[in-house]
Amino acid sequence: MTIDRNLDLFERAKRSIPGGVNSPVRAFRAVGGTPRFVQRAQGAYFWDANGQRYIDYIGSWGPMILGHGHPAVLEAVQKAALDGFSYGAPTEREVQLAEAIIAAVPSIEMLRLVSSGTEAAMSAIRLARGATGRPKIIKFEGCYHGHADALLVKAGSGLATFGYPTSAGVPPEVVQHTLVLPFNDVAALEAAFAEHGAQMAALMIEPIAGNMNFVRATVPFMRRCRELCSQHGALLVFDEVMTGFRVALGGAQSVYARHMPGFEPDMTVLGKVIGGGMPLAAFGGKRAVMEQLAPLGPVYQAGTLSGNPVATACGLATLQEISRPGYFDALGARTRSLISGLQGAAAQAGVPFCGDSEGGMFGFFLLPQLPPNYTDVMKTNGARFNALFHGLLRRGVYTAPALYEAGFVSSAHSADDIAATVQAAAEAMAGLPEA
Ligand SMILES: *Cc1c(COP(=O)(O)O)cnc(C)c1O
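Predicted model, so just to flag it, every value in this text is computed and none were measured.

A separate point is the sheet that holds strand 16 (residues 407-408). Across the sheet, which stays open at both edges, the 3 strands sit in the order 13-14-16 with antiparallel pairing between neighbours. The sheet is open, and its two borders are formed by strand 13 (354-358) and strand 16, each paired with just one other strand. Examined bridge by bridge, strand 14 (residues 361-365) and strand 16 share 2 bridges and lie antiparallel to one another. Considered in strand 16, the bridge of Phe362 is made with Gly407. Each of strand 13 and strand 14 is contacted by helix 11 (residues 327-349), which is oriented at about 175 degrees to strand 13, the strand it contacts most.

Have a look at this one:
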């Protein structure tokens, strides 16, 4: 009998950690099988506890845009660690990171650093409510903004996987001011503002939703979001935890600004890439709004490890690398080559397939056309998706273990890695069950 160290570790983990994992989607509950316990990672690859290598299309769910162990980032982190892990007093690197983010994202005039996307989104909502003096917020079905109580309603990915309409432990009163609307539905949006416009503090949106696979807000829909927020005095909050510094240097908002010159959200939530794999996130926006935060204003927000010196070193080094001219052109082209390769493999195998990407973020569906919202994303045949996932995994390609998740290409992924992935997909697709 061969020894499966992943299985051994998983059995052991389940005795001390609920479900054996510290974040639900890692448990492979949606696709079945044994989660891979990662031993180490380098470049575009990681190795599991059995020593098996995988081409990694998760990249820590987005942060590892340079691939694992980039030399410049490693050096920055090692140097920072020698100077101390945390002080509870301000540092120059926090200022440098804030300045780097502000320079890349024109809508952000000021920002605050925190430690997770959840914390950033939660704080942004509190600030929006404090700054407007209003209670209500809009979120969209299938968009995930972290697991703060008020945002944990129809939130896609991990939640969708487990079929919770919402989470236990969130009293209805806590979400009574959270309106959940279908994504890309202008009529529903107009109706919500018509009824609640005067009470609306914020509209929070994943502009390119990555927690229901990969679904773009259409340009007309986004234009209407902007118009209605401005008209009713609500703040348009972009949750760019996933898309920020991932789909373009200026985030998804810069993609929308290409279609709508001058387009800007009022606030932006960031995470993932800005920490380069360390716990770091941020929320920012217009000066007048951000100055409502303590210690300047009445909206309280704080954090023992906020702006951590090792995390900021990691984030800064990462941003420096991805700011080089041509970086996103090359990354975008590589990611598109993956999607077109998969498309070709699917066509050969006679499998309905479509995909989309922006910068280093992608999604694909076993559907004939791109779904505009969560309901349509759910029409993907789960059994076929799971068979494809395991077919790829067996061939050393690690993609999202749930059909509601986006994927990520790093600049460490070579043309050969893409070709090997497409070859693995062609083989895996040949053996898919009937739709
Ligand atoms: C990952 C993610 C979050 C939550 O970030 P954490 O660091 O996991 O708390 C929030 N919003 C979006 C869009 C995300 O992708």
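Having put the structure on the table, let's press on.
This part covers empty space enclosed by the protein. Within the structure shown, the criterion is met by 4 cavities of 30 Å³ or more. When its volume is computed, the largest cavity comes out at roughly 100 Å³. As for the largest cavity, its lining consists of 13 residues, of which Phe362, Phe364, Thr399, Ala400 and Glu405 are closest to the centre. The leading source of residues in the lining of the largest cavity is strand 14, at 3 residues. Classifying every residue of the lining of the largest cavity gives 8 nonpolar, 4 polar and 1 charged. What lines the second largest cavity is simply Gly43, Ala44, Asp56, Gly59, Met64, Gly67, His68, Arg246, Phe408, Val409, Ser410 and His413. Residues of the lining of the second largest cavity, tallied by class, amount to 4 nonpolar, 6 polar and 2 charged.

Turning our eyes to something else, we now look at the nonpolar core. Core analysis: the largest hydrophobic core is formed by 111 residues, its most contacted members being Ile138, Phe140, Leu189, Leu203, Ile205 and Phe245. For this core, the element with the most residues is helix 11, which contributes 8 residues. If we ignore the near neighbours within four places in the chain, the residues touching Leu189 are Ile138, Phe140, Leu181, Leu203, Phe221, Arg224, Cys225 and Leu228. Within the second largest apolar cluster, 23 residues are counted, among which are Leu127, Met204, Met267 and Leu293.

Attention now moves to the layout of surface pockets. A probe matching the size of a water molecule, rolled over the atoms, marks out where space remains unfilled. In this model, the second largest pocket occupies a volume close to 420 Å³. Surrounding the second largest pocket, 22 residues form its lining, Ala89, Pro90, Glu94, Ser306 and Gly307 being those nearest its centre. Looking at the lining of the second largest pocket, the elements that each hand over two or more residues are helix 3 (92-104) and strand 4 (110-114). If you tally residues by element for the lining of the second largest pocket, the top one is helix 3, at 4 residues.

Rules behind the numbers
Residues numbered from 1 in each chain as written. Predicted model: local features only at pLDDT ≥ 70, side-chain atom pairs only at ≥ 80, totals over all residues. Heavy atoms only, no water. Pairing = 2+ DSSP bridges. Helix = DSSP H or I, 4+ residues; strand = E, 2+ residues; numbered from the N terminus. Contact = heavy atoms within 4.5 Å. Axes fitted to C-alpha atoms, helices over the stretch in contact; angles between N-to-C directions. 1 Å grid on protein atoms, 1.4 Å probe; cavity = no way out; pocket = protein on both sides within 12 Å on 5 of 7 lines; lining within 4 Å. Points joined across faces, edges and corners; volume = space filled by probe spheres on them. Nonpolar A, V, L, I, M, F, W, Y, C, P; charged D, E, K, R; others polar. Core = buried A, V, L, I, M, F, W, Y, C linked by side-chain atoms within 4.5 Å. Buried < 20%, exposed > 50% of the residue type's maximum accessible area, 1.4 Å probe, protein only.

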